[in-house]
Amino acid sequence: MASSTFLSASSLFATKHYLLLIPPQASAKGYTNNNLRVSNSPSFVLRTKNSTHLQGFVAMQEKDASTLGDDLKIKIPHVLSVAGSDSGAGAGIQADLKACAARRVYCSTVITSVTAQNTVGVQGVSNVPEDFVAEQLKSVLSDMQVDVVKTGMLPSVGIINILCKTLREFPVQALVVDPVMVSTSGDVLAGPSILSVFREVLFPMADIITPNLKEASALLDGVQLETVDDLRCAARLLYDMGPKNVLVKGGDLPDSSDAVDIFFNGDNFYELRSPRVKTQNTHGTGCSLASCIAAELAKGYPMVSAVKVAKRFVETALDYSKDIFIGNGPQGPFDHLLRLKRHSQDCHRLQAFNSSDLLLYAVTDSEMNKKWGRSITDAVKAAIEGGATIVQLREKDAETQDFLESAKACLKICRSHGVPLLINDRIDIALACDADGVHVGQSDMPARVARTLLGPEKIVGVSCKTPEQTRQAWVDGADYIGCGGVYPTNTKENNITVGLDGLKTVCMASTLPVVAIGGIGVSNARTVMEIGVPNLKGVAVVSALFDGECVLTETRKLHAMLSESNIDGYTQKLII
Ligand SMILES: Cc1ncc(COP(=O)(O)OP(=O)(O)O)c(N)n1
Ligand SMILES: Cc1ncsc1CCOP(=O)(O)O
Ligand SMILES: [Mg+2]
């Protein structure tokens, strides 16, 4: 269906630019090196001729890929949205852009109409002149390898005719038609004059049409649609107008606690049923659903899975957004990217990573807390009260669910004190609780992948014992380096001790700030900090803080020692 580039795997393996990490189950299933389809970086989909697929990561070994030959460039799935602009950005072109971004598909836009719109309703509409719609269409389609066209508000017969003519000139893999007629607020966006051109010209070209109840009824000359059986009849009648597939959305069906949509492909009916999300923030659901279908088609998925994924995508976003508040009208927008609330919860972390946070780095240990009969939250509270400037949860034996609960509780404490909280090894836990970042070692999740998964604003720390590792950490997008064990330690088994010389070598080679770790406490922290390298920013400590009766006392002692020697001030001055 979609025209993503097919690359032969042997050419990928031959290049130094890509390292294709084939998941074990791929070779177990006997996948050959032929016909691997790379659809997205850094994630990829392996697709075989029988369309089974596996997902994984493509890691770029070089940041600069500008020297790649044409045959190795990655084709990005591309949806062109032909729709109206919504100034409130809940629906229309703006929703389409967000839905495609959320589904990791490129979206270009042809604007058919500009609406003055908010959560209350539509205050004004100004259609774009037809010849300028034609010009936009030509600009995009003549250049940009569009896979799928998705239509929204098509406000005039002339614009629809221009679209159909242009699509004949520049054919695409699929056409998704959302026959927008009325906004969520009830305002008319396309008059009855377009009904016949929809039915006679556009629908026969469509791979799928996605009317809601009101639109289906209007297209069927006002027939009443009140039950799921009515939706089935409507789907069949609409199918007879020529589209290859029909999705009739039953979101407005009365008396249903479920959201029921009917999908018909000419052979089979699918009843897509899910619990109705109780929310007022539904503005733009139709546009987003159609865009998501288009996005999945552009990636090469079959129609039924595209529709199912799209429905799940919208439901997830609606559920996530049910308590957000944007605008005073009855139907607010929702958050396609599931990120807006996180930002407002982030308010206690006022700035990005600050290397002076490494001064007194407390690393927890579940065994030690158990031994001394304290909870992890009490341990973290005491460490912060004693002066810890950053906290890492290093819970090696914790069950995932317990770890997540502890991490959420500790995060609350840390946020209320403005202290960053990092998670050791477990990117999944960091993502699930929205921690401030992670610390990974040389055999953990590679720092570059951790960075990709966590995004640019989170902190990524990497353990390094050599200059080569520090350089790689920097290339991979790490924020700091943990270097050790500086001294022998019982906390980490089989750990090679690098000594003060090893620490110095790493610091000298590093372009990133460094924190020293391993066997460090009040008795030797000063010696460590006085090795005289500007980017050594602090000490990371486990047993000296947590393997004792009173975490508060031990942390205070170490904090006093570090502040007394004004180590941070010294290193800050040197590094400037
Ligand atoms: C600040 C800091 N530095 C180094 C480490 C060690 O990480 P790693 O090498 O992954 O070993 P484990 O801690 O996972 O056993 C650290 N945790 N923190
Ligand atoms: C996790 C880790 N990485 C290198 S040494 C070490 C253990 C540090 O623990 P302690 O501070 O008790 O020596
Ligand atoms: Mg680790």
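These figures come from a predicted structure and were not determined experimentally.

Take the overall build of the protein next. Regarding its fold elements, the protein presents 22 helices and 20 strands. For the protein, buried positions account for 53% of its 576 residues. Counted over contacts in the protein with a minimum sequence separation of 6, partners at least 24 positions apart contribute 66%. Of the roughly 25600 Å² of accessible surface on the protein, a fraction of 53% belongs to carbon and sulfur atoms.

Close to ligand 2 lie Arg-394, Thr-489, Thr-491, Lys-492, Asn-495, Ile-517, Gly-518, Gly-519, Val-541, Val-542 and Ser-543, which account for all nearby residues. The contact in question runs from an oxygen atom of ligand 2 to an N or O atom on the backbone of Gly-519, over 2.7 Å. Separating an oxygen atom of ligand 2 from a backbone N or O atom of Val-542 is a distance of 2.9 Å. Burial of ligand 2 by the protein chains amounts to 93% of its free accessible area of 370 Å². Tallied by class, residues from the shell around ligand 2 come to three nonpolar, six polar and two charged.

In the UniProt entry, the feature "domain: Thiamine phosphate synthase/TenI" (unreviewed entry) is given for residues 360–545. Along residues 360–545 the backbone is 42% helical and 19% strand, and the end-to-end C-alpha distance reaches 10 Å.

Here we come to the environment of Tyr-480. Following the sequence through the fold, Tyr-480 ends up in strand β18 (residues 480–484). Sequence separation between Tyr-480 and Lys-537 is 57 residues, and the spatial gap between their C-alpha atoms is 9.6 Å. In terms of polar contacts, Tyr-480 uses its side chain to reach the side chain of Tyr-361, at 2.6 Å. A polar contact of 2.7 Å, which involves the side chain of Tyr-480, links it to the side chain of His-439.

Let us look at the site of ligand 1. Taken together, the neighbourhood of ligand 1 is formed by 16 residues, with Arg-394, Lys-396, Asp-444, Ser-463 and Lys-492 sitting nearest. The contact in question runs from a nitrogen atom of ligand 1 to an N or O atom on the side chain of Gln-392, over 2.9 Å. Contact distances for ligand 1 include 3.0 Å between an oxygen atom and a backbone N or O atom of Gly-441. Relative to its unbound accessible area of 420 Å², ligand 1 is 90% covered by the protein chains. Grouping the amino acids of the shell around ligand 1 by side-chain chemistry returns five nonpolar, six polar and five charged.

Coordination sphere of the magnesium ion (ligand 3), protein contribution only: Asp-425 (OD) and Asp-444 (OD), at 2.0 Å. Highlighted residues: Asp-425 in the loop between β15 (421–424) and α15 (427–433) and Asp-444 in the loop between β16 (437–440) and α16 (447–454), separated in sequence by 19 residues.

Moving on to the packing of aromatic side chains. Summed over the entire model, instances satisfying the criterion amount to six aromatic pairs. Linked through ring pairs, Tyr-239, Phe-264 and Phe-269 together constitute an aromatic cluster. Taking the ring centre of Tyr-320 as reference, the NZ or CZ of Lys-341 above it sits at 4.4 Å.

Tallied over the full model, the rule gives 28 salt bridges. We note a salt bridge from Asp-221 to Arg-199, for which the minimum N-O separation is 3.5 Å. With Asp-221 in the loop between α7 (213–219) and α8 (228–239) and Arg-199 in helix α6 (residues 195–202), this pair connects stretches of sequence that are 22 residues apart. Accessibility expressed as a relative area gives 67% for Asp-221, which makes it exposed. Here Arg-199 falls in the buried class, since its relative accessible area comes to 19%. Here the salt bridges do not stand alone but share partners, grouping Arg-232, Asp-258, Glu-271 and Arg-273 into one network.

Working note: a packed helix pair is described by the angle between its axes plus the distance between those axes. Taken N-terminus to C-terminus, the directions of helix α9 (residues 285–299) and helix α10 (residues 303–320) make an angle of 140 degrees; their axes are 8 Å apart at the nearest point. Here α10 runs oblique to α9, going by the angle between their axes. As α9 runs across α10, the sense of the crossing is right-handed. Along the contact surface, α9 presents Thr-285, Ser-288, Leu-289, Cys-292, Ile-293, Glu-296 and Leu-297, while α10 presents Met-303, Ala-306, Val-307, Val-309, Ala-310, Lys-311, Phe-313, Val-314 and Leu-318. Partitioned by chemical class, the residues of the contact of α9 with α10 number twelve nonpolar, two polar and two charged.

Looking now at the pairing of β16. In regular strands, side chains alternate between the two faces of the sheet. Alternating residues of β16 divide into Gly-437 and His-439 and Val-438 and Val-440, and every residue in both groups is buried. In terms of strand pairing, β15 meets β16 through three bridges, oriented parallel. Looking at the pairing, Asn-424 lines up with His-439 of β16. The parallel pair β15 and β16 is bridged by α15, and the resulting crossover is right-handed.

In this section: helix α17 (residues 467–475). When α17 is considered as a whole, its buried residues turn out to be Thr-470, Ala-473 and Val-475. Phi turns positive, to about 90 degrees, at Gly-477, one or two residues after α17.

Rules behind the numbers
- Residues numbered from 1 in each chain as written.
- Chains lettered and ligands numbered in written order.
- Predicted model: local features only at pLDDT ≥ 70, side-chain atom pairs only at ≥ 80, totals over all residues.
- Heavy atoms only, no water.
- Helix = DSSP H or I, 4+ residues; strand = E, 2+ residues; numbered from the N terminus.
- Buried < 20%, exposed > 50% of the residue type's maximum accessible area, 1.4 Å probe, protein only.
- Contact = heavy atoms within 4.5 Å.
- Areas by Shrake-Rupley, 256 points an atom, 1.4 Å probe, with all protein chains shown as cover.
- Near = heavy atom within 4 Å.
- Polar contact = N/O pair within 3.5 Å; in protein donor to acceptor, adjacent residues only side chain to side chain.
- Nonpolar A, V, L, I, M, F, W, Y, C, P; charged D, E, K, R; others polar.
- UniProt positions renumbered as here; feature names shortened; annotations may be inferred.
- Donors = N, O, S within 2.8 Å, 3.2 Å for Na, K, Ca; no water.
- Phe/Tyr/Trp six-rings, centres within 6.5 Å; stacked < 30°, edge-to-face > 60°.
- Lys NZ or Arg CZ within 6 Å of the ring centre and 35° of its normal.
- Salt bridge = Lys/Arg side-chain N within 4 Å of Asp/Glu carboxyl O.
- Axes fitted to C-alpha atoms, helices over the stretch in contact; angles between N-to-C directions.
- Parallel < 35°, antiparallel > 145°, perpendicular 65-115°, else oblique.
- Left-handed = near helix turned anticlockwise from the far one by under 90°.
- Pairing = 2+ DSSP bridges.
- Right-handed = clockwise from strand over helix to strand, strands pointing away.

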